[in-house]
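Single-letter residue listing:
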Amino acid sequence: MDSSAPRNRAMEADRRRAKRARTLPTAVPPACRRDWANLPEGPAGQIAETVLSDDVAGYVRFRAVCSAWRASCADPRAHGVFDRRFHPRRWIMLPRALSDGRSGRRRFLSILTGESIRVRLPDLRCHVVLGPTAEGLVVLLRRRTLVVQLLNPLTGQLVDLPSATTLADQRASGRRAANDIDVSDFLMLFAGVAGVAGDSMVAIHFCVFSILAIAKPGDEHWTTLDLDSGIRSVMPFAGRFYCASDMNISVLETTAGQRPQLVAVADFIWMNRRFFSHVPYLAEINGELLVITYQLPSKSWPDKRWMCKVYRVDLDAGKLVGMARLGGGAVFVSYDGDGRRTVSVPGGLSPPIGADTVYFCHRYDREAGRAKVDACCLDGRIETDCTRKRPWSLIDYISRY
């Protein structure tokens, strides 16, 4: 028997171990390792604040990593739904048809990155979704009690508002009897844009009824303002609630002890009244409050061109200033239906979305399987039905907001 065979096998085994040692990553010395789970509370808290200043979704993910990180930063539920630090302003809720169909889950889309997430909402068999707010919150209505609730979908913060019973009795009883539909479903159909006014006030615009319903937690009932001036569009901006009519821009004043009222802050007297016969839309982009108007060709005015104009609301001077650009961003306007919502997105979000462009989104076409969208670039270029011959993109998703 060859006595060298065991020695050769041992040498081969040594060579294999040496080869594996060369290919394996070098172990990090214990002194250089960072124990992330036991990160001191101070640095962890600073990281959490930085993440929160960027996006509340990242903050929620940070808190979900481990109990130590969670203990190092503030719990959103301890601060209430009106705390603006935790508002998911960069997220929009998409219709149920664009969600995955699982019970209680709705899809939310980031207007900064295009990321989408699925969020579980309260039992939708017992609730009606009245709609989202400009702050990223969701207004809910309990079917059995008609209690209105304000929900932060990302943090779970929830607060009760007054029952909509009196509001439904005042505005829906006649139509409900005629159409034989449930009051909660009726309010869902006709609720328009909602938003936070001040520190704890919620306002809902019912465009069909031309009223503004206002309440805060603890109120016994909703206060309604009849909008004789014909409010066309509303927009929460910088902690206040603005309204646009055919005559001016007004702000909702909610002084304690006094009945809420609308106070004019800018007018349209100097504008081309013939041009501005169309609906004005309020929007926000790059920290500025905007008014967007448009005109369409018609038989009564055949010379009229399809175009839109954008104005910046100068609140200090009380006037509107024309704008030639949107800072490279884009604005989506839902101008068909009762919601009349607007949402702004930054430039470069997605290649199909043009810079300095206003997208006018029509009602959803079930036959086509998408909404008709007209693109109006501020340099004068117009593209009607811009998504008709293109594959689905972020334009289709945002147009359903």
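One structure accompanies this document, and this report is about it. (Residues numbered from 1 in each chain as written. Predicted model: local features only at pLDDT ≥ 70, side-chain atom pairs only at ≥ 80, totals over all residues. Heavy atoms only, no water.)

Digging into the state of the cysteines
Then, number 1: What the rule picks out here adds up to 0 disulfides.
Then, number 2: Not part of a disulfide, C66 finds its nearest cysteine sulfur in C73, a span of 9.7 Å.
Then, number 3: Note on C66: relative accessible area 18%, which makes it buried. (Disulfide = S-S within 2.5 Å. Buried < 20%, exposed > 50% of the residue type's maximum accessible area, 1.4 Å probe, protein only.)

Here we look at the packing of helix α2 (residues 41-54) against helix α3 (residues 56-63)
Then, number 1: One can describe the packing of α2 onto α3 by two numbers: an axis separation of 7 Å at closest approach and a directional angle of 150°. Here α2 is positioned roughly antiparallel relative to α3, judged by the angle of their axes. In this structure, α2 contributes A44, I47, A48, V51 and L52 to the contact, and α3 contributes V56, G58, Y59 and F62.
Then, number 2: Its residues placed into classes, the contact of α2 with α3 shows 8 nonpolar, 1 polar and no charged. (Axes fitted to C-alpha atoms, helices over the stretch in contact; angles between N-to-C directions. Helix = DSSP H or I, 4+ residues; strand = E, 2+ residues; numbered from the N terminus. Parallel < 35°, antiparallel > 145°, perpendicular 65-115°, else oblique. Contact = heavy atoms within 4.5 Å. Nonpolar A, V, L, I, M, F, W, Y, C, P; charged D, E, K, R; others polar.)

So, the side chain of T133
Then, number 1: Within the secondary structure, T133 sits in the loop between β4 (127-132) and β5 (138-142).
Then, number 2: Here T133 falls in the buried class, since its relative accessible area comes to 2%.
Then, number 3: Looking at T133, its side chain comes within polar contact range of the side chain of E135, at 2.8 Å.
Then, number 4: Apart from the residues lying within four places of it in its own chain, the contact partners of T133 are V139, L150, A194, G195 and Y401. (Polar contact = N/O pair within 3.5 Å; in protein donor to acceptor, adjacent residues only side chain to side chain.)

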